[in-house]
Amino acid sequence: MEKFYVTTPIYYVNDRPHIGHAYTTVAADVFARYWRVKLGDDQVFFLTGTDEHGAKVAQAAETAGEDPQVFVDKIAQEYMRAWEKLNISHNYFIRTTDPRHTAVVQEVLQKLYDQGLIEKRQYKGMYCVGCEKYLTSTEIKDGKCELHPNAELVAQEEENYFLKLSELAPQVLQALENNDYRVLPKERREEILSRIKAGVEDISISRTGVSWGVKVPWDETHTVYVWVDALLNYFSATQIVKNKQEFWAPDLQLLAKDILWFHGLVWEAILIALKMKLPKDLFVHGFFSIDGQKMSKSLGNILEPMELAERYGVDGLRYLLLTAFAFGNDGDISVEKFDVKYNADLANGLGNLVSRVAKLAEDVDLSGVAKADDSLDARIEEALKNYRPDEALGVIWGEIGALDKRLDDDEPWKLVGEERTKKVLSYIPRLRWVAGAIRPFMPETAAKIEKVFAGDTVARPEALFQRL
Ligand code: MSP
């Protein structure tokens, strides 16, 4: 691997960022930071951004009584602020209302139209604004959308442009079966494979009733379907940002299972039609619930990343999110569980270890300390190549636990003179290793620990994690 291009979904700006958006974005940040160290800063392109068109966003702006552009500018700012706070190191933040993006969307659509892959048809269907799509009969239960049971479905009949997805689907299937692009973990690959095999219908890719969107280039009475507009961000960014063309195609696209269909099929179909290189890996992670319930506005259980970052510190939150459950699975989170884990792994675990060793080494000359043994690095790399940041952190915390135990067994505070110095010096390379290993996950904490043990004498440690 020579370059690494990683993307997150671009998030809808109908509402403020919540902890689900932070989850994917923090994970992407870990991969980007890891590969920057390995490949060099210039070899990594990390893209995130906001999805700003469509009915959902237009409705939110209307409810807020604001002009849509003013509204999306405001929420996009909130996303940028949230990512800055969480130390997200994206190279570019794309917004779909950027005219340079919309120009790419129009160009691509025109190409598909010229190839005869887009056709005008009369369409009648049930549209779910929550999903931003027409539902198929299997997705409707008792007249409601399965995913948005509180929302009324909108019966719509309009002239739409259709993308001949059914014609492209066999090529997508073949590409997936040949591993021209991979969908991971394997259960998600199975899921998309069987959905494609079950039959694919053409999809409507334009709307007449939604004016908040990109105009269809050959027929300005239509706007481009928000999903087609949004998916193209991954490509348009490489055109917009200087010197990023050669980063095409993405090496890793992170998303959750809710949007697998669009990424695993629609997106690939468009790229195949354009004869473009396909992304290498789509990694589909799970969804978390809060205290056993779906996170939702109506339940009032939405966790705000900013509030959690206040409680646990930015690195504390990053750690808690990444280790809550295996990356790829569904899981449940709660403030209570976070509190317990924070105290155990961060305040008592890492924080306590650093202060214990720093205290022991207060008067010790560190100039002769050997370089850290890095036998665990391969395991971390392996875990990250398998897209398991949780496992990588498990390796590091295994080492932290082992070090703690060694201190308890050694009881170096009972030793004196040469013997004590020797013992204490033996811990320093391990602490330096821990600092380096946590860097992609917890960059600020890594820097703080490095500062303590980097010189010839120990620097007084800043408090890392206050006990709750
Ligand atoms: N705008 C589309 C994506 C377009 S990408 C070309 C969209 N936006 S979204 O704001 O709804 O974000 C969905 C994504 O947010 C999920 O795929 C996932 O990455 C993240 N998550 C949102 N809620 C989540 C959980 N409860 N749990 C885990 N991830 C969650 O869909």
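As shown above, the structure is provided for reference.
A brief look at the structure comes next.

About the criteria used
Residues numbered from 1 in each chain as written. Predicted model: local features only at pLDDT ≥ 70, side-chain atom pairs only at ≥ 80, totals over all residues. Heavy atoms only, no water. Pairing = 2+ DSSP bridges. Helix = DSSP H or I, 4+ residues; strand = E, 2+ residues; numbered from the N terminus. Buried < 20%, exposed > 50% of the residue type's maximum accessible area, 1.4 Å probe, protein only. Polar contact = N/O pair within 3.5 Å; in protein donor to acceptor, adjacent residues only side chain to side chain. Contact = heavy atoms within 4.5 Å. Phe/Tyr/Trp six-rings, centres within 6.5 Å; stacked < 30°, edge-to-face > 60°. Lys NZ or Arg CZ within 6 Å of the ring centre and 35° of its normal. Near = heavy atom within 4 Å. Areas by Shrake-Rupley, 256 points an atom, 1.4 Å probe, with all protein chains shown as cover. Nonpolar A, V, L, I, M, F, W, Y, C, P; charged D, E, K, R; others polar. Salt bridge = Lys/Arg side-chain N within 4 Å of Asp/Glu carboxyl O.

### Remarks on the sheet that holds strand S5 (residues 118-128)
Spatially, S6-S5-S9-S11 is the arrangement adopted by the four strands of the open sheet, whose pairing is antiparallel. The two strands at the open ends of the sheet, each matched to only one other strand, are strand S6 (133-134) and strand S11 (203-204). As judged from the two bridges shared by S5 and S6, these two strands associate in the antiparallel manner. Across the sheet, Cys 128 pairs through a bridge with Lys 133, a residue of S6.

### Details of the side chain of Thr 323
Looking at the element boundaries, Thr 323 is found in helix H11 (residues 314-323). When its relative accessible area of 13% is taken as the criterion, Thr 323 is described as buried. Polar side-chain contacts of Thr 323 include one of 2.8 Å to the backbone oxygen of Tyr 319. The residues contacting Thr 323, other than those within four sequence positions of it, are Lys 341 and Leu 393.

### Quick notes on unusual backbone geometry
Geometrically, the link from Leu 184 to Pro 185 is a cis peptide bond, its omega value of -10° lying close to zero. For Pro 185, the position within the fold is in the loop between strand S10 (182-184) and helix H6 (186-197). In the segment running from Trp 248 into Ala 249, the intervening peptide bond is cis, with an omega of 5°. A positive phi angle is found at Asn 243, which is not glycine, with a value near 60°. In this structure, Asn 243 sits in the loop between helix H8 (233-240) and strand S15 (252-256). Positive phi outside glycine occurs at Asp 291, with the angle close to 50°. Structurally, the position occupied by Asp 291 is in the loop between strand S17 (288-290) and helix H10 (305-312).

### Notes on the packing of aromatic side chains
Within this structure, the stated rule accounts for 28 aromatic pairs. Ring centres 6.3 Å apart and planes at 90° place the aromatic pair Tyr 113 and Tyr 161 in the edge-to-face group. Residue Tyr 113 is located in helix H4 (residues 99-114), and its partner Tyr 161 is located in strand S9 (residues 154-163); the two are separated by 48 residues in the primary sequence. A relative accessible area of 5% places Tyr 161 in the buried class. Measuring from ring centre to ring centre gives 5.6 Å for Phe 283 and Tyr 387, while their planes differ by 55°; the resulting arrangement is tilted. You can see Phe 283 sitting in strand S16 (residues 281-285) and its partner Tyr 387 sitting in the loop between helix H13 (377-385) and helix H14 (389-410), a full 104 residues away along the chain. The class of Phe 283 is buried, set by a relative accessible area of 3%. Each residue in the set Tyr 23, Phe 31, Phe 283, Phe 288, Phe 325, Phe 327 and Tyr 387 is aromatic and connected to the rest through ring pairs, giving one cluster. Between the NZ or CZ atom of Arg 207 and the centre of the ring of Tyr 127, over which it lies, the distance is 3.9 Å.

### Thoughts on the pairing of strand S1 (residues 4-7)
The alternating pattern of S1 places Phe 4 and Val 6 on one face and Tyr 5 and Thr 7 on the opposite face, and all of these are buried. The sheet contact formed by S1 and strand S3 (residues 44-51) spans four bridges and is parallel. Bridge pairing links Thr 7 to Leu 47 in S3. Pairing analysis gives two bridges linking S1 to S15, with the strands arranged parallel. Within the sheet, the bridge partner assigned to Thr 7 lies in S15 and is Gln 253.

### Description of the site of the ligand
Neighbouring the ligand are 23 residues; Ile 10, Thr 24, Asp 51, Asp 258 and Phe 288 lie closest to it. Within the backbone of Ile 10, one N or O atom sits 2.8 Å away from a nitrogen atom of the ligand. With respect to the ligand, the side chain of Thr 24 contributes an N or O atom lying 2.7 Å from an oxygen atom. In isolation the ligand offers 670 Å² of accessible surface; the protein chains occlude 94% of this area. When its residues are assigned to classes, the shell around the ligand shows 13 nonpolar, eight polar and two charged.

### So, the pattern of salt bridges
Scanning the entire structure with this criterion turns up 40 salt bridges. As a salt-bridge pair, Glu 119 and Arg 121 come within 3.0 Å of each other at their nearest N and O atoms. On the basis of relative accessibility, which here comes to 26%, the residue Arg 121 falls in the partly exposed class. A salt bridge links Asp 219 to Lys 120, with the nearest nitrogen and oxygen atoms 3.8 Å apart. Here Asp 219 is found in strand S14 (residues 219-224), whereas its partner Lys 120 is found in strand S5, with 99 residues between them in sequence. A relative accessible area of 13% means that Asp 219 is categorised as buried. Lys 120 sits in the partly exposed class, given a relative accessible area of 40%. Here the salt bridges share partners, and the residues they tie into one network are Glu 119, Arg 121, Lys 164 and Asp 202.

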